[in-house]
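Fold and geometry: a report
Each chain, letter by letter, is given below.
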Amino acid sequence: MLKLGRKWSEKLEFGIFTLPVLICIAVAFYIPFAMTIRYSLTKWNGISKDPAFIGLDNFKQIFMGDPNFSSSAWFTIKYAVLYIVLVNVLAILLALVLDMKLRTTTWLRAAFFVPYILSLVIVGFIWKFIFMQGFESLGASTGWGIFGWSWLGEPGLAFVSVLLVSIWQSIGFYLVIYIAGLQSVPDDLKEAATVDGAGPIRRFFSVTLPLLAPSITISVFMALTNSIKVFDVILSLTGGGPGGTTYSIAYDIYRDTFQNNLYGYGTAKALILFVAVLIITVIQLTIFKRREVEA
């Protein structure tokens, strides 16, 4: 009886301490998510008290008759693929350099990480000034034609601008992850590979890279989720222009919901984005975790 009473008291104590957390999670996530599902099935302008229930019409219109959604989805896919590959490759290369014992290693690490502290909205406005006025001054002083290009006025260059600014701002975060991964690689394995006659490139691909698998999993996961949800840098840098060619899915949702007052329609798009991110991240984590075990 004494043991049974102690177990009940422990469960009660556990429930008392976890109940506030569960309530906060429900208020912050589960209840809004349920409301999102409800509003995605309605036609609502965000003002009227009684949204009109229309069933799956919003989803039918999104997949069958919304060119903005298809173009923004294609932009997001291109951006995500290039961002994931470039930011991880560059971060690994920089981590290899900064993992060496150089006099300026500490300062260089700080210099690469500082942009990540800044908000992407602020970074977007800074680079907008650089592209529009800074490059003009550099072109006048150097005579280089690259500074005279319309970096935010042409669709291809605007896409490249968004991609480069995003990588510049966030590469410090991935750099820290990879440096931590490199420092966890045992030195005796590198020395053994050197004794066996392996050169630097061979050591990297045969020893270092397989042991970086956990860091790669984390970095690719973060890069994937961040790139699919890209919004703030587009808002501040290009505003979706020129001519809507830099609309991402998140920006298209923002435009429909808060600019066009199509709250039900925008909520349906947000739900589709949530499901897409969930499925893609589960697949990515499953594949990479399996490779970690094999490595």
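The model shown is predicted, which means the values in this text are computed figures rather than measured ones.

**Some words on the overall build of the protein chain**
Check the secondary structure of the protein chain and you find twelve helices and two strands. Seen in sequence order, the protein chain has helices and strands lined up from the N terminus as α-β-β-α-α-α-α-α-α-α-α-α-α-α. Since a compact globule built from 295 residues should have a radius of gyration of about 19 Å, the 25 Å found for the protein chain marks it as more spread out than a globular shape. Its C-alpha atoms give the protein chain principal-axis dimensions of roughly 80 × 70 × 30 Å. Counting contacts in the protein chain only where the partners sit at least 6 residues apart, residues at least 24 apart contribute 69% of the total. With the model as given, the accessible surface of the protein chain reaches about 17800 Å², and the carbon-plus-sulfur share is 70%. Charge-centre separation for the protein chain: the mean point of 22 positive side chains lies 5 Å from the mean point of 17 negative side chains.

**What to know about the UniProt feature "domain: ABC transmembrane type-1" (unreviewed entry) in the protein chain**
Per the UniProt record, "domain: ABC transmembrane type-1" (unreviewed entry) is found at residues 73–284. Summarising residues 73–284: 79% helix, 0% strand, and an end-to-end C-alpha distance of 19 Å.

**Describing the layout of surface pockets**
Roughly 530 Å³ of volume is contained in the largest pocket. Around the largest pocket sit 16 residues that line it, and Leu96, Asp99, Lys190, Arg203 and Thr208 are the ones nearest its centre. For the lining of the largest pocket, the elements supplying multiple residues, two or more each, are α6 (155–183), α7 (187–195) and α8 (200–211). Here the lining of the largest pocket takes six residues from α8, the largest share from any one element. Here the lining of the largest pocket is built from residues that sort into eight nonpolar, three polar and five charged. Considering only enclosed or pocket space, the second largest pocket measures out at about 260 Å³ in volume. Considering the residues around the second largest pocket, the lining is formed by 16 residues, among which Thr76, Ile77, Ile228, Ile249 and Ile280 are closest to the centre.

**Here we look at the packing of helix α5 (residues 120–142) against α6**
Packed helices, taken two at a time, are described by the angle between their axes plus the distance between the axes. At a closest axis distance of 10 Å, the pairing of α5 and α6 adopts a crossing angle of 125 degrees. Relative to α6, the element α5 lies oblique. Crossing hand, α5 versus α6: right-handed. For the pair α5 and α6, the contacting residues are Leu120, Val123, Trp127 and Phe131 in the first and Ser161, Val165, Trp168 and Gln169 in the second. Residues of the contact of α5 with α6, tallied by class, amount to six nonpolar, two polar and no charged.

**Quick look at the packing of aromatic side chains**
Within the structure shown, the criterion is met by 28 aromatic pairs. With a centroid separation of 6.0 Å and an interplanar angle of 80 degrees, the aromatic rings of Phe135 and Trp151 are classed as edge-to-face. Here Trp151 lies in the loop between α5 and α6 and Phe135 lies in helix α5, a separation of 16 residues in the sequence. Looking at Phe135, the relative accessible area reads 12%, which means it is buried. Note on Trp151: relative accessible area 10%, which makes it buried. Relative to Phe147, the ring of Trp144 has its centre 5.9 Å away and its plane inclined at 10 degrees; by these criteria the two rings are stacked. For Phe147, a relative accessible area of 16% gives the class buried. An aromatic cluster is present here, built from Tyr39, Trp44, Phe231, Tyr247, Tyr251, Tyr254, Phe258 and Tyr263 joined pairwise through their rings.

**Some remarks on the environment of Tyr83**
Within the secondary structure, Tyr83 sits in helix α3 (residues 67–98). Classification of Tyr83 by relative accessible area gives buried; the value is 4%. With near-sequence residues (within four places) excluded, Tyr83 lies in contact with Asn88, Leu163, Ser166, Ile167, Ser170, Tyr174, Ala223 and Ser227. Side chain to side chain, Tyr83 and Tyr174 meet in a polar contact 3.5 Å long.

**Quick notes on the nonpolar core**
Tyr79, Tyr83, Phe131, Val233 and Leu237 are the most contacted members of the largest nonpolar core, which has 55 residues in total. Mapped onto this core, the elements with two or more residues apiece are α2 (57–65), α3, α5, α6, α9 (213–228), α10 (232–237), α11 (249–259) and α12 (263–294). Each residue touching Leu237, except ones within four places of it in the same chain, is listed here: Gly124, Trp127, Lys128, Phe131, Leu152, Ser161, Val162 and Val165.

Rules and cut-offs
- Residues numbered from 1 in each chain as written.
- Predicted model: local features only at pLDDT ≥ 70, side-chain atom pairs only at ≥ 80, totals over all residues.
- Heavy atoms only, no water.
- Helix = DSSP H or I, 4+ residues; strand = E, 2+ residues; numbered from the N terminus.
- Rg over C-alpha atoms; globule rule 2.2 N^0.38 Å.
- Contact = heavy atoms within 4.5 Å.
- Areas by Shrake-Rupley, 256 points an atom, 1.4 Å probe, with all protein chains shown as cover.
- Lys, Arg positive; Asp, Glu negative; His and termini not counted.
- Charge placed at Lys NZ, Arg CZ, Asp CG, Glu CD.
- UniProt positions renumbered as here; feature names shortened; annotations may be inferred.
- 1 Å grid on protein atoms, 1.4 Å probe; cavity = no way out; pocket = protein on both sides within 12 Å on 5 of 7 lines; lining within 4 Å.
- Points joined across faces, edges and corners; volume = space filled by probe spheres on them.
- Nonpolar A, V, L, I, M, F, W, Y, C, P; charged D, E, K, R; others polar.
- Axes fitted to C-alpha atoms, helices over the stretch in contact; angles between N-to-C directions.
- Parallel < 35°, antiparallel > 145°, perpendicular 65-115°, else oblique.
- Left-handed = near helix turned anticlockwise from the far one by under 90°.
- Phe/Tyr/Trp six-rings, centres within 6.5 Å; stacked < 30°, edge-to-face > 60°.
- Buried < 20%, exposed > 50% of the residue type's maximum accessible area, 1.4 Å probe, protein only.
- Polar contact = N/O pair within 3.5 Å; in protein donor to acceptor, adjacent residues only side chain to side chain.
- Core = buried A, V, L, I, M, F, W, Y, C linked by side-chain atoms within 4.5 Å.

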